[in-house]
Each structure stands twice: as structure tokens, then as C-alpha cells.
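# Residue-level structural notes
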Amino acid sequence: MTVIVETKNFQCRASGLYQLVFDEKSKKAIWRWVSSAIYLSKSYRKIDTGEIQWELRFYCSDGWQTDIISREDVTEKNFTSLMRKGADVTTWRTKVVIEFLIEQEKQIVIEKMHEQVGWSLQGQEMVYIHHQLLSQQNSISEYIGEFNIAKRGSFSKWLETVKEHIVGNPSLELALCIGFSAVLVGYINKFLNIHADSLIIHICGNSTTGKTTAAMVAVSGFGDPKEGPRSLIQSFNGTDNALTKIIANNNGMPIVCDETSLTTMGTQKLVNVLYTWAKNLEKARLNKNSEKRNRASWGTTIITTGEGSLIDQANQNEGIRVRVFEFQNLQWTNDAFHAKSINHSLSNNYGHAVEVFVKTILGYSKEFVQKSWEDETQKVALKLPKSKFNDRISKKFALIIMAAKLLNQSFNLHLNLEAIEKLLIEQEKESLDERLIGPKAYDTIREWLLKNQKHFYINKVGNPEQQTIWGRIDIDKNKNKTQAFILAEEFKTMIQYAGFTDMKVVLRELDAMGLLIKEKDSKQNKYHTRRVISGQENSKNGMQVYGIYLDGQFINQVYSATELAERKRSKKKITGVNQ
């Protein structure tokens, strides 16, 4: 009978596992049958955690089976769990089988395996973990993670597609740079001891803009860009925990979450997911023993796609507006034939380019990379429109420009740096007003007052239609300015209806713009004031209101002469505080 594995005291044959024992009766060593065949086929060390895992082969009535277990489970108590897969490891045999496997382990070369992707420090060496360990001298490690990042097709075909169909199209050049910026985000977080938010890019528009093609361009250098369970293009249709798991322990590989419109999450959960993505750290959790679990971290570029605005789905949240960069209705491809050509080629040639790109970066010192980032940030900052977010945004856009320069160096592409930079700056100009909650809220309040002026006393003139009173508007013709005082509950209702999630943020931004009327003698940071509002109960000492400065003779520009005369005829006397 052929021996599959032999150690000092054991033999594993097809017929079973045998132990060499001394037979008292015959006074000689014999091979005693222990169990059905089982042996250690491979031993791996997970470089992510340092954990040893065993791959076991064992024979069952329906043939040979394979299972992978952690070495920490190789105990008499836990080992019997293999019985559910058919292994012959009943309790009385377990001790002897484990003795054999530990003896055999000394003969096995421990191989490396990994689940995580992106930058890591292996000893003193900086490596980029992908389908293998990429460094100046690559080393072998088997990827056992969730994504298909094995090389397919040829590098030359991928590069040919990029040069023929992408170079010369600024939008697709931008998409390529966005994808490779992930490598820089991971590098900065892992090696420079600087926290850099993960980049979140949302590509939105109708189906003819080529947004799916742009997403494929962004990730094709790293792995499978076709939609599928192991693709680098995943669905946004998942729970908040599932969407976090997609990027967990990813330090430099881009990921796409497709079709944000499919999500069933409410606004607050969506906002939480986007904050978590940007901050690079999983929220704290407890395990089944009520002990704090290790929290996953990451640092990468995350691309989302959808027909509608992701920021609109987040209901005007100020923090999201500076963390998510949207490119709306940008035409990414020239036409349907252009998109089809790119999609077909990249679907069959992917996963090659990252190695070349990584080795280009490894050719520079950490100090050089940091200095380059700082220099690029300063250049971008000078070209961006001025805002309080300028520094934060310029740091992020600088990474995309750096990626473009490194791509040109790595692949001799001649990407148009000026055109890419122009697209970034145009995006910032378009989204600046959207991110600035104060101006947006101010415009909302102006529009609301114009539509609902019949609910306000204007210069102590009552409303002829006997409408419910929501406040008052004071117009100073001499100084050419207007003040509106809105009852607190009506103000809150108006702000919430307009889609703003945090009224305190709205008030803070209006105050920062100098548009909020507050109590002059208030020692606390209160945003409200008090005014007499005729017709309101208990108004003698003034009602709590929110006061807003408005430009010019705001309402007078709207009323006709007939309407003003009608209001004067219905004038009522108002007395009390701050008249």
C-alpha cells in the first residue's frame, strides 16, 4: 500500500492512519491502524495576523475532502468539529491524530497567505499586498480574500487600451487617476503617520454618460472590473455593516460601489456610512462575550455611481459635502461604440498595472513622497476658489494630480495634467455653494419669506386675509435694510422641510455670515432673540424668534401699490419689547 505521508512514528496510507507501536506479544514494533486517512496537506501563515492555518486532507465514504482550520483549534476539545465534514476524529482517536499532525508539521514548509490588500510593513520592508507581495523584490503569498485580483489577459493589451481609448479624453484620464490615487491614500496613512481621509468620489448622471465605463477604467489596473460577486465593482445595495466590510483592511486598492439609488438605508444610516468610510475606522463593537472587538481600518479611494446625487440623498449634511466629491452629468465616453470597446478590452485584461505603479512609488523615499504631496497641495490651493474648506480639499485633489504624474512616469502616457486639474477645479466651483450651508440656507429663507409674506406683519401692518401669524418683518427705508423675525417653531419646520438635518449647523453658519440677529446682552452662545408678535398669546414680553438680516427693502420690492394700501388699512397697533 502506497504511503502518502510518513513521519517517525506514523504512516498515512489510503487505507488509513497507522501508528508505530511496540507489540508486547510479538516483542516487536508494528503498525497499528488508528483512523481513516488524514494528513496535513499545507500549512499557511496569514501575514495579516500572524495566525497559522492548516489545510487538512481526509478520506470519507464519499471520497477525499479538504478543510482549513486555525492551528489554535488543534486541541482535543475543538478538533472533533471536523467530524461534521466527515473526518474520522471521534473523541478517543483525537489525541493520537493530533500527535501525528504536529509531528508531520515539522516536515511541512509554511507558505504565506493573506486576505488584506494594500500597503503593509513586513519586518522593515514596505510592501504592497495584492495577488502577491509587491516590493522591489516580489515574494509569494496566496491571496484568499473576497475579490478577484488575479491577473487576466496581458499588460500590453491593457496599456494599449489606455493609450488608444483613454488618453486624450480628459474625463477618462481623470477616472484613471482617481483609481490610482488609492495607492497614495494608503501609503500616506500607513507610512507617513498622517491621517488622510479616504477619498470618496461619486459619479452620477444618466445611463448614456458612460459612468460605468469610468468606474471600470478606475479599477481595471488592480483587478476584475466586471460586475460580479468578486469584482472590484460591488453593489451599493447592502446594509451599513456590509458596505463597511467591503473596504475593511484595504490600504490602497480602489473599490466601486455601484448604483447608490438601490440603497434602502434611511438618511441617517447613509450619512453614518459615508462618515465611517471617510474616517478609515470601523465603529466599535462587542463580540459574543461582550468584549471589545478589534476594529477594522483602511485608507483608500472609494468610488460610487448612480443616476442621482449622493449628497442630495444625505439631505444637505455639511460634513458629507466636504467628504464626498460629485461629478454630475460629466460625459465620460465619446459614444456607445467607444464605451463598448473599452468595456470589452478591460473585462479581459486587468490586474497588471498596479505592480508597475507601486514599484515607481517604491523608487522614492517617504520624505520625497510627503514633500511632493505638500508641494502639490500648495499649487492646487492657489487655483481653488476661496472657502473655509480650501486646505482640506486641496490635499485630496493633490493626490489625484500626483497619481496623474506617477502614471505618466510609470507608463509613458502623456496624460493632460492641466485638463485633469481643470475638471477638479470646475467640480469644486460647482459644489462650493452646495457645501456652504449658510448661503444655501439664507437663499432658502429668502424664498420662503417671499412665498409666505402674508403670514407676517410688515412694519406693524397686519394681514388683510386674516392668516395665521408666523412673525414680523421690519423694513428700514432710510438704511435700506430689512429684518425678519420668525417664530421658533415655524423656523424649525421650514428648515426641516427644506431638507437640512441639523438646525444648529444652519444657525451657526448664518451667525458666521453675520446674518443672525441675537440678544445683544446674552453671555451665552444663543442664536435666538425675542420680539413682540401681535396676535400671539403671552407676547407682552416678546416671543422667542430667530432674526435674520435681509438685503435692501426686501418685501417692498414685491408688493404692488394696491397690496400695500390694503395692508395699511388693516394696520394694528403693536406694543411691547424691542419695537
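Report follows, based on the coordinates. Counting from 1, residues in each chain are numbered in the order their sequence is written. Given that the model is predicted, a residue must reach a pLDDT of at least 70 before its local features are reported, and side-chain atom pairs must reach 80 or more before they are shown or counted; all residues, however, enter totals for whole chains, interfaces and linings. Each side-chain value is worked out from all heavy atoms of the structure, with water and hydrogens disregarded.

### Some points on the overall build of the protein chain
Along its length, the protein chain carries 18 helices and 24 strands. By the burial criterion, 53% of the 579 residues in the protein chain qualify as buried. Residues count as neighbours in contact if any of their non-hydrogen atoms are within 4.5 Å of one another. Counting only contacts in the protein chain whose residues sit at least 6 apart along the sequence, the fraction spanning at least 24 positions is 65%. Approximately 27,900 Å² of the protein chain is accessible, and the part contributed by carbon and sulfur atoms is 48%. Only DSSP runs of H or I covering at least 4 residues are called helices, and only runs of E covering at least 2 are called strands; the numbering of each starts at the N terminus. Note on classification: 1.4 Å probe, protein chains only; a residue is buried when its accessible area is under 20% of the maximum for its type, exposed when over 50%, partly exposed between these limits. Computed by Shrake-Rupley with a 1.4 Å probe, the accessible areas treat only the displayed protein chains as cover when residues are assessed.

### Structural notes on helix α6 (residues 240-247)
Listed as buried for α6 are Asp240, Leu243, Thr244, Ile246 and Ile247. Summarising the axial view, the buried residues of α6 lie within an arc of 150 degrees, below the 170-degree limit, and thus occupy one face. In the core, the buried residues of α6 are packed alongside β14 (233-235), β15 (250-251), β16 (255-258), α7 (267-279) and β17 (301-306). In this description, the arc belongs to the directions extending from the helix axis to the C-beta atoms.

### A few points about the packing of aromatic side chains
Aromatic rings from Phe, Tyr and Trp, taking only the six-membered ring of Trp, are treated as a pair when their centres fall within 6.5 Å; an angle between ring planes under 30 degrees marks them as stacked, one over 60 as edge-to-face, and anything in between as tilted. For the structure on display, the rule yields 20 aromatic pairs. Plain terms: the ring middles of phenylalanine 10 and phenylalanine 100 are 5.4 Å apart, the flat faces sit at 55 degrees to each other, and that makes the pair tilted. Of the two residues, phenylalanine 10 is situated in strand β2 (residues 10-13) and phenylalanine 100 in helix α2 (residues 91-105); the sequence distance between them amounts to 90 residues. Phenylalanine 100 matches phenylalanine 10 in its accessibility class, with the two residues each being buried. Measuring from centroid to centroid gives 4.8 Å for phenylalanine 180 and phenylalanine 357, while their planes differ by 55 degrees, and the two rings are tilted. One end of the pair, phenylalanine 180, is in helix α4 (residues 170-191); the other, phenylalanine 357, is in helix α11 (residues 353-362), with 177 residues separating them in the sequence. No difference in accessibility class separates phenylalanine 180 from phenylalanine 357, as the two residues are buried. Chaining the aromatic ring pairs together yields one cluster made of Phe155, Trp158, Phe180, Phe222, Phe357 and Phe411. Our definition puts a charge over a ring when NZ of Lys or CZ of Arg is within 6 Å of the ring centre and also within 35 degrees of the ring normal. Over the aromatic face of tyrosine 18 sits the side chain of arginine 13, whose NZ or CZ is 4.2 Å from the ring centroid.

### Re the sheet that holds β16
Whether two strands pair depends on DSSP finding at least two bridges between them. As summarised here, the arrangement of the five strands in space is β14-β16-β17-β13-β18, forming an open sheet in which the pairing is parallel. Taken across any chain shown, the strands that pair with only one partner, and hence form the sheet edges, are β14 and β18 (324-328). Here the average twist between neighbouring strands, direction ignored, is 25 degrees. The pairing of strand β13 (residues 199-204) with β18 spans five bridges and is parallel. Residue pairing in the sheet places isoleucine 200 in a bridge with valine 324 of β18. All axes here are fitted lines through C-alpha atoms, helices being fitted over the stretch that makes contact, and every angle between N-to-C directions spans 0 to 180 degrees.

### Comments concerning a nonpolar patch on the surface
Residues Ile4, Tyr59 and Trp64 make up a contiguous nonpolar surface patch of about 250 Å² in total accessible area. By secondary structure assignment, the location of isoleucine 4 is in strand β1 (residues 3-6). Note that patches include only residues with greater than 30% relative accessible area and no salt bridge, and the join distances are 9 Å for like charges and 5 Å for nonpolar side chains (Val, Leu, Ile, Met, Phe, Trp, Tyr). Just to be clear on terms, a salt bridge is a Lys or Arg side-chain nitrogen sitting within 4 Å of an Asp or Glu carboxyl oxygen.

### Structural notes on unusual backbone geometry
The phi dihedral of asparagine 249 is positive, around 60 degrees, even though this residue is not glycine. One non-glycine residue, glutamate 259, lies in positive phi territory at about 60 degrees. Relative accessible area serves as the criterion here: at 23%, glutamate 259 is assigned to the partly exposed category.

### What about the sheet that holds β15?
With respect to topology, four strands assemble into an open sheet ordered β11-β10-β9-β15, the strand pairing being mixed. Edge strands, defined here as strands with exactly one partner in the open sheet, are β11 (133-134) and β15. Here two bridges tie strand β9 (residues 117-122) to β15, and the two strands are oriented parallel to one another. Pairing of valine 117 across the sheet is with asparagine 250, part of β15.

### A word on α11
Counting buried positions along α11 yields eight of 10 residues, so the element is predominantly enclosed. Along α11, the positions that sit buried rather than exposed are Ala353, Val354, Glu355, Phe357, Val358, Thr360, Ile361 and Leu362. Where α11 is buried, its residues touch β9, β10 (125-129), β11, α3 (155-166), α4 and α13 (390-411).

### What about the pairing of strand β3 (residues 16-23)?
When β2 meets β3, the two strands line up antiparallel, connected through four bridges. Along β3, the bridge assignment pairs arginine 13 with glycine 16. Hairpin connection of β2 to β3: two residues between the antiparallel strands. The pairing of β3 with strand β4 (residues 28-35) spans seven bridges and is antiparallel. Within β4, the position partnered with tyrosine 18 by the bridge is tryptophan 33.

### Focus on the pairing of strand β21 (residues 481-487)
Residues in a regular strand point their side chains to alternate faces of the sheet. Of all the seven residues making up β21, six are buried; the element is thus mostly covered by neighbouring parts of the structure. Bridge analysis of strand β20 (residues 471-476) against β21 gives six bridges, and the strand direction is antiparallel. Opposite aspartate 476, over in β21, you have lysine 481 as the bridge partner. The hairpin turn running from β20 into β21, its antiparallel successor, is four residues long, and asparagine 480 in that turn takes a positive phi close to 55 degrees.

### A look at the pattern of salt bridges
Per the counting criterion, the structure on display carries 22 salt bridges. Note that arginine 93 and aspartate 88 form a salt bridge whose closest N and O atoms lie 2.8 Å from each other. Accessibility expressed as a relative area gives 19% for aspartate 88, which makes it buried. One salt bridge in this structure joins lysine 383 and glutamate 421, with 2.7 Å as the shortest N-O distance. Residue lysine 383 is located in helix α12 (residues 366-383), and its partner glutamate 421 is located in helix α14 (residues 417-435); the two are separated by 38 residues in the primary sequence. What makes lysine 383 partly exposed here is its relative accessible area of 44%. Among the residues examined, glutamate 421 registers a relative accessible area of 13% and is labelled buried.

### Describing the environment of lysine 106
Considering the arrangement of structural elements, one finds lysine 106 in the loop between α2 and β8 (110-114). Distance from lysine 106 to glutamine 122, taken between C-alpha atoms, is 24 Å for residues 16 residues apart in sequence.

### Concerning the environment of histidine 352
Examined against the element boundaries, histidine 352 turns out to sit in the loop between α10 (336-348) and α11. Taking the relative accessible area as the measure of exposure, histidine 352 reaches 12% and is therefore buried. Each C-alpha atom of the pair histidine 352 and arginine 152 lies 7.8 Å from the other, and the pair is 200 residues apart in sequence. Sequence-distant contacts of histidine 352, that is, excluding residues within four places in its chain, are made with Lys151, Arg152, Gly153, Ser154, Phe155 and Gly221.

### Examining the side chain of threonine 305
Here threonine 305 lies in strand β17. Setting aside its immediate chain neighbours within four residues, threonine 305 contacts His202, Ile203, Lys211, Ala215, Val256, Cys257, Asp258, Glu259 and Thr260.

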